[in-house]
Amino acid sequence: MSKVAVIVTNDVEDIEYTSPVEALKDAGHEVVTIENQAGNQIIGKHGTELTADKGIGNVKPDEFDGLLIPGGFSPDQLRADDRFVHFVKDFLIDDKPTFAICHGPQLFIQTGLTAGRTMTAYLTVRPDLYYAGARVKDQPVVVDRNLITSRTPDDLDDFNGAMLDVLKK
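What you are looking at is a predicted structure, and each value in this text was computed from that prediction instead of being measured.

Cut-offs applied
- Residues numbered from 1 in each chain as written.
- Predicted model: local features only at pLDDT ≥ 70, side-chain atom pairs only at ≥ 80, totals over all residues.
- Heavy atoms only, no water.
- UniProt positions renumbered as here; feature names shortened; annotations may be inferred.
- Helix = DSSP H or I, 4+ residues; strand = E, 2+ residues; numbered from the N terminus.
- Buried < 20%, exposed > 50% of the residue type's maximum accessible area, 1.4 Å probe, protein only.
- Contact = heavy atoms within 4.5 Å.
- Phe/Tyr/Trp six-rings, centres within 6.5 Å; stacked < 30°, edge-to-face > 60°.
- Lys NZ or Arg CZ within 6 Å of the ring centre and 35° of its normal.
- Polar contact = N/O pair within 3.5 Å; in protein donor to acceptor, adjacent residues only side chain to side chain.

J.: Describe the UniProt feature "domain: DJ-1/PfpI" (unreviewed entry) in the protein chain, with residues and values.
T.: Those residues carrying the UniProt feature "domain: DJ-1/PfpI" (unreviewed entry) are residues 3-164 in this numbering. A helix fraction of 31% and a strand fraction of 24% characterise residues 3-164, whose end C-alpha atoms lie 12 Å from each other.

What follows is the structure, given as structure tokens:
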């Protein structure tokens, strides 16, 4: 099956990490959680404790078949670090399966590759995507080739289903 990178740091929206990761693992995919350094403890907004499997300086996009970006305040912090931005950019350039929910699409803005793409995000992120040139929709999940975006935890069933469908291809 596929090997999926998950980029995350503190204040991730817990369920936007745990639900897709569980869906991926249940479907037989390997999941690698990536933060600044391997072994770092990550605390979600609601107290979920995670451990980074790898550090961003020790991975390359070509080691993975897909990328998951959970929401919360995590993506806003990660987009300030060029290592994470370049990691995401490589997935978009190569049109590899890329999944982002809630505030996750904030990272796409930093890549400069949102123009012409169709996506959704949390309510307050949608205008930012629009001004960065994206076609923005207000629907539970938006599929633009291998780019899957979603709005909130309420949309996780649709998001997880679309994510797994893309990985089957």
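Next comes the rest of the account.
J.: So what about the environment of Y17? Which residues, and what values?
T.: With respect to the helices and strands, the residue Y17 is situated in helix α1 (residues 14-26). A relative accessible area of 9% places Y17 in the buried class. Residues Y17 and N58, 41 residues apart in the sequence, show an inter-C-alpha distance of 21 Å. Non-local contacts of Y17, meaning those with residues more than four positions away in its chain, are made with V6, V8, V12, T33, L50 and P70.

J.: Outline the packing of aromatic side chains, listing residues and values.
T.: A full pass over the atoms with the stated rule returns three aromatic pairs. Seen from their ring centres, F87 and F91 are 5.3 Å apart, and the 55° between their planes marks the pair as tilted. Taken together, the positions of F87 and F91, both in helix α3 (residues 82-93) and four residues apart, correspond to about one turn of that helix. As far as burial versus exposure is concerned, F87 and F91 are alike and both buried. An aromatic cluster is defined as three or more aromatic residues linked by ring pairs; in this entry it consists of F64, F87 and F91. The residue whose ring lies beneath K3 is F64, and the NZ or CZ to ring-centre distance is 5.2 Å.

J.: Describe in detail the side chain of T120, supporting the description with residues and values.
T.: With respect to the helices and strands, the residue T120 is situated in the loop between β8 (118-119) and α5 (126-131). Overall, the relative accessible area of 0% leaves T120 in the buried class. A distance of 2.6 Å separates a polar atom in the side chain of T120 from the backbone oxygen of K137. Aside from chain neighbours lying at most four places away, what touches T120 is P105, R126, L129, K137, D138, Q139, V142, T149, S150 and R151.

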